[in-house]
Amino acid sequence: MPELPEVEVTRRRIAPLLVGRRVRRVRASAPSYLFLTPPGRVRRSLAGREIQSLVRHGKYLVAGLEGGSRLVVHLGMTGQLFSSEATSVRLLSATARSSLTPDEQRTFRPDVHTHLQLAFEDGGPEVFYRDVRKFGKLLVLAEGEGHPRLEKLGVDALEIDGGLLFRAGRGRSAAIKTLLLDQSVVAGVGNIYADESLFLARVRPSRRAGRVTRRQCDAIAAAVRQVMLRSIETGGSSISDFVGPDGHDGAYQDERHVYARAGEPCLRCDATVRRTVIGQRGTHFCPRCQV
Ligand SMILES: [Zn+2]
């Protein structure tokens, strides 16, 4: 599932392909739960407009359109936003129904999972939104229109600080990991990064939020920022379906300390990494050096 670093990597790489370009033609797939705004209205809102900005709120990408309306994109579980010129084995294998081998087939061809296709007046590369499982979201907001999904988001994970986390945790019996995953407290921390951050901060994921000290909150906040920035630097994680907009895989998964390492030795103390379930999410930790 794309988390904040993957969404930020997507934003940085796709922004040059969107911002400052005027949309000429929009193709959208049939109405489905992916479209919170009906596809016909999405098409009309985009066609002929220039895209003027692309910002990120938590895991949401928000494109500012000429005239003040906004296109909001959430990648969900398997959403991919990329250039028509992207080359990736994983994207190309998606169109394996083509008789060409991946070597012969240089670029991705829109398939049944490609739900939005933007062509531009300059005739350059198109931009595709593809989503196999359709847990992503696409919607258009009119000028000045808000949306509860955006307004309830807490502070961005790249800007989290220990004081905020400490205050949010007071009186809470929920696990500290559950607090980190609560998007109304911190926007953008997902499962992998919560486990990795708690490992770096040496805090047990199951510890009650209300019993985590201010000093530990400072360590967790620093670790969250550190793992997020490092993951952005390495192009995100490619554990599931994420490919960058240019088709490149992320490399952060090679730097994991605990996530999906159950049964393997802790890289810090050699104890065996354990897996448990917290808030229905698979959780990985070292039973010796996380307290
Ligand atoms: Zn350890």
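The structure we're discussing is the one just above.
Residues numbered from 1 in each chain as written. Predicted model: local features only at pLDDT ≥ 70, side-chain atom pairs only at ≥ 80, totals over all residues. Heavy atoms only, no water.

Draft legend 1. Layout of the coordination of the zinc ion. Taken together, Cys-266 (SG), Cys-269 (SG), Cys-286 (SG) and Cys-289 (SG) make up the protein donors of the zinc ion, found 2.3 to 2.4 Å from the metal. In this structure, the zinc ion is coordinated by 4 donor atoms arranged in tetrahedral fashion, with angles at the metal of 98 to 122°. Going along the chain, you hit the donors of the zinc ion in the pattern C-x2-C-x16-C-x2-C. Note that Cys-269 is positioned in the loop between helix 8 (214–233) and strand 11 (274–278) and Cys-289 in the segment after strand 12 (281–285), a separation of 20 residues in sequence. Each of the two residues, Cys-269 as well as Cys-289, counts as buried. (Donors = N, O, S within 2.8 Å, 3.2 Å for Na, K, Ca; no water. Tetrahedral: all angles 85-135°; square planar, octahedral: opposite > 155°, others 65-115°. Helix = DSSP H or I, 4+ residues; strand = E, 2+ residues; numbered from the N terminus. Buried < 20%, exposed > 50% of the residue type's maximum accessible area, 1.4 Å probe, protein only.)

Draft legend 2. Looking closely at the packing of helix 1 (residues 4–18) against helix 8. Relative to each other, helix 1 and helix 8 sit at 40°, their axes nearing to 9 Å. By the angle between their directions, the pair helix 1 and helix 8 is classed as oblique. Where helix 1 crosses over helix 8, the handedness of that crossing is right-handed. Side by side, helix 1 and helix 8 meet where Leu-4, Pro-5, Glu-6, Glu-8, Val-9 and Arg-12 of the first sit next to Met-228, Ser-231 and Ile-232 of the second. Class assignment of the residues belonging to the contact of helix 1 with helix 8 gives a composition of 5 nonpolar, 1 polar and 3 charged. (Axes fitted to C-alpha atoms, helices over the stretch in contact; angles between N-to-C directions. Parallel < 35°, antiparallel > 145°, perpendicular 65-115°, else oblique. Left-handed = near helix turned anticlockwise from the far one by under 90°. Contact = heavy atoms within 4.5 Å. Nonpolar A, V, L, I, M, F, W, Y, C, P; charged D, E, K, R; others polar.)

Draft legend 3. View of the packing of aromatic side chains. Going through the model one piece at a time under the given rule, you end up with 3 aromatic pairs. With centroids separated by 5.1 Å and ring planes inclined at 80°, the aromatic side chains of Phe-82 and Phe-108 adopt a geometry described as edge-to-face. Separated by 26 residues along the polypeptide, Phe-82 in strand 5 (residues 79–83) and Phe-108 in the loop between helix 3 (89–94) and strand 6 (114–120) bring together distant segments of the chain. By relative accessible area, Phe-82 is classed as buried at 0%. Residue classification places Phe-108 among the buried positions, given a relative accessible area of 3%. (Phe/Tyr/Trp six-rings, centres within 6.5 Å; stacked < 30°, edge-to-face > 60°.)

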